[in-house]
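# A closer look at the structure
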Amino acid sequence: MTTHPRTALSVNVNKVALVRNTRHLGIPSVLRAAQLCLEAGADGITVHPRPDERHIRAQDVYELAELLGQWPEAEFNIEGNPTHNLMEFIRQVRPHQATFVPDSVGQFTSDHGWNFPQDAERLEPLIQECRELGVRVSLFMDPIPEQMAAARAVGADRVELYTEPYAAAWATPQRSDQLARYRLAAQAAITAGLGVNAGHDLNRDNLADFLAAVPGVLEVSIGHALIADALELGYADTVTAYQRCIDQGMAERALSERR
Ligand SMILES: CC(=O)[C@@H](O)[C@H](O)COP(=O)(O)O
Ligand SMILES: NCC(=O)COP(=O)(O)O
């Protein structure tokens, strides 16, 4: 029986910054949120420093990079559009992972992945630069199996499957169809030699089912729902609750593989 590495939980702290930015008081602290999540067992921290700085600001990125330097086992994942402001952060901070997201500057939230072949030419040199800096590259992608070989061909190490369509279908009869889509996309990514991450609108209700159905998920990055849960439960209990969901999903997957 093959044992799979435990799916890593990367906490996205965008929404802590969003609340902080509504006053000039510096609270809630983004750094404290990250510290408490790491102390509770989170495997990493994710930020998406959008050009309009609606939530994560440049100073947050540098302070979090310094904090993560004290956590050798934890990873720093910086997301963004490499044709906008992302690359400057990558060059200065050299995080463990850069997640390329094709968002426009004022976009409400991330809602689609890259498209190949049209995006290949402009992404390839930027991916190459990240790799020369020792930074792993993950491409934010829709769950389309046919796109995975092209993602690998431009040099990506991983893809991050955009999971909002699954999350939106979770409480509906379409759940199993969506899970089948993501399973096929993940299998195609693995076949192409890519690692598989996942994220967007994952939460305590839908996470275990996703990991039970979709093979080889190395990392989930979760922010909005996790921070909302932390408002009720606190960061430590929330991280523990999400880790339990990960363990439950992986246990169910291991069981199904033995059948
Ligand atoms: C790429 C993605 O799905 C999210 O990580 C993104 O960071 C969400 O951005 P907002 O927090 O600005 O909605
Ligand atoms: N890449 C997904 C992420 O970092 C957080 O997305 P969400 O949980 O805030 O939807």
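Refer to the preceding data block for the structure.
This section reports on the structure supplied with the text. Predicted, not measured: the structure shown is a model, and the values here were computed from it.

### Remarks on helix 5 (residues 120–132)
Because the α-helix completes a turn every 3.6 residues, residues three or four places apart line up on one side. For helix 5, which comprises 13 residues, the first-to-last C-alpha distance of 18 Å matches the rise-based estimate of 18 Å (1.5 Å per residue) to within 8%. Phi turns positive, to about 80 degrees, at Gly134, one or two residues after helix 5.

### A short note on the site of ligand 1
Taken together, the neighbourhood of ligand 1 is formed by Asn12, Asn14, Lys15, His48, Arg50, His55, Glu79, Val101, Thr109, Ser110, Phe140 and His200. Taking His48, its side chain carries an N or O atom lying 3.0 Å from an oxygen atom of ligand 1. Considered on its own, ligand 1 offers 360 Å² of accessible surface; in the complex 91% of this is hidden by protein. Here the residues of the shell around ligand 1 are counted per class, giving two nonpolar, seven polar and three charged.

### Quick word on the pairing of strand 7 (residues 195–199)
Among the five residues of strand 7, five are classified as buried, and the element is accordingly described as predominantly covered. Going residue by residue along strand 7, you find Gly195, Asn197 and Gly199 tucked away on one face and Val196 and Ala198 tucked away on the opposite face as well. Bridge count for strand 6 (residues 158–162) against strand 7 is five bridges, and the pairing is parallel. Considered in strand 7, the bridge of Arg158 is made with Gly195. Taken together, the four bridges between strand 7 and strand 8 (residues 217–222) define a ladder with parallel strand orientation. Note that in strand 8 the partner of Ala198 across the bridge is Val220.

Thresholds applied
- Residues numbered from 1 in each chain as written.
- Chains lettered and ligands numbered in written order.
- Predicted model: local features only at pLDDT ≥ 70, side-chain atom pairs only at ≥ 80, totals over all residues.
- Heavy atoms only, no water.
- Helix = DSSP H or I, 4+ residues; strand = E, 2+ residues; numbered from the N terminus.
- Expected span 1.5 Å × (residues − 1).
- Near = heavy atom within 4 Å.
- Polar contact = N/O pair within 3.5 Å; in protein donor to acceptor, adjacent residues only side chain to side chain.
- Areas by Shrake-Rupley, 256 points an atom, 1.4 Å probe, with all protein chains shown as cover.
- Nonpolar A, V, L, I, M, F, W, Y, C, P; charged D, E, K, R; others polar.
- Buried < 20%, exposed > 50% of the residue type's maximum accessible area, 1.4 Å probe, protein only.
- Pairing = 2+ DSSP bridges.

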